[in-house]
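An overview of the molecular structure
Spelled out, the chains give:
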Amino acid sequence: MRGFLLATTPAPDTEPRLSAILTAIGDQQADLMNILHAVQAEFGFISEKSMRAIAKALNLTAAEVHGVVTFYHDFKTAPSGTHVLRLCRAEACKSMGADHLAAEVASALGIGFGETTADGAVTLEEVFCLGLCALAPAGDLDGKQYARLSSERVALLAGKVRA
Ligand code: FES
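Note that this is a predicted model, so its numbers are computed, not measured. (Residues numbered from 1 in each chain as written. Predicted model: local features only at pLDDT ≥ 70, side-chain atom pairs only at ≥ 80, totals over all residues. Heavy atoms only, no water.)

Contact geometry of helix 3 (residues 32-43) with helix 4 (residues 48-58) gives a least axis separation of 11 Å together with a crossing angle of 150°. With respect to their mutual orientation, helix 3 and helix 4 come out roughly antiparallel. Considering the relative orientation of helix 3 and helix 4, their crossing is right-handed. In contact with Leu-32, Ile-35, Leu-36 and Val-39 of helix 3, helix 4 contributes Ser-50, Ile-54 and Leu-58. Tallied by class, residues from the contact of helix 3 with helix 4 come to six nonpolar, one polar and no charged. (Axes fitted to C-alpha atoms, helices over the stretch in contact; angles between N-to-C directions. Helix = DSSP H or I, 4+ residues; strand = E, 2+ residues; numbered from the N terminus. Parallel < 35°, antiparallel > 145°, perpendicular 65-115°, else oblique. Left-handed = near helix turned anticlockwise from the far one by under 90°. Contact = heavy atoms within 4.5 Å. Nonpolar A, V, L, I, M, F, W, Y, C, P; charged D, E, K, R; others polar.)

Turning our attention to the sheet that holds strand 5 (residues 144-146). In space, the five strands of this open sheet follow the order 2-3-1-4-5, with mixed pairing throughout. Each edge of the open sheet carries a strand with a single partner, namely strand 2 (115-116) and strand 5. For strand 1 (residues 83-88) and strand 3 (residues 122-127), the ladder comprises six bridges, and the chain directions are parallel. Along strand 3, the bridge assignment pairs His-83 with Val-122. (Pairing = 2+ DSSP bridges.)

Tallied over the full model, the rule gives two aromatic pairs. Aromatic pair Tyr-72 and Phe-75: ring centres 6.1 Å apart, planes at 85°, arrangement edge-to-face. Residue classification places Phe-75 among the buried residues on the basis of a relative accessible area of 7%. Here the aromatic cluster, defined as three or more aromatic residues joined through ring pairs, consists of Phe-71, Tyr-72 and Phe-75. (Phe/Tyr/Trp six-rings, centres within 6.5 Å; stacked < 30°, edge-to-face > 60°. Buried < 20%, exposed > 50% of the residue type's maximum accessible area, 1.4 Å probe, protein only.)

A few words on the side chain of Asp-140. For Asp-140, the position within the fold is in strand 4 (residues 139-141). Looking at Asp-140, its side chain comes within polar contact range of the side chain of Arg-86, at 2.7 Å. If we skip the residues at most four places from it in the chain, Asp-140 touches Val-84, Leu-85, Arg-86, Leu-130, Gln-145 and Tyr-146. (Polar contact = N/O pair within 3.5 Å; in protein donor to acceptor, adjacent residues only side chain to side chain.)

Without other data, these values stay purely geometric and don't point to any function.
This is how it looks when you write it as structure tokens:
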């Protein structure tokens, strides 16, 4: 909910920045992916308001833009927490207990994947292979990779960033 509220109330200077992106990249429907990547790079996520503005500029429906944004895993529709914890959910990690680990970590944080803790400290995301398959289960915290994860080790890492 926190992320949703923020996502629908962008900073006042959002519109000029969004307009600059649209002007720089173009207004053709083929420009959609480049625009979405640029908006996410600029704001950290793609708000409903941005989706509507992009749709209008490209002569698409808001539903069409929303469909593309939500189809691709890397696009975010809400701002991330201060720290981003990603757990690998791909096969090698699954075979080494990634599903159980994910359930324990989600329960300990009190959130699901794609959600942020109430204090805004940690966003939990899933990722599909970090190239650490031989050291599964793997994940990363703020981009630093960790291998052979256990729920205890993840709790320690999450506790450190929240301290
Ligand atoms: S499957 Fe998890 S790191 Fe490759």
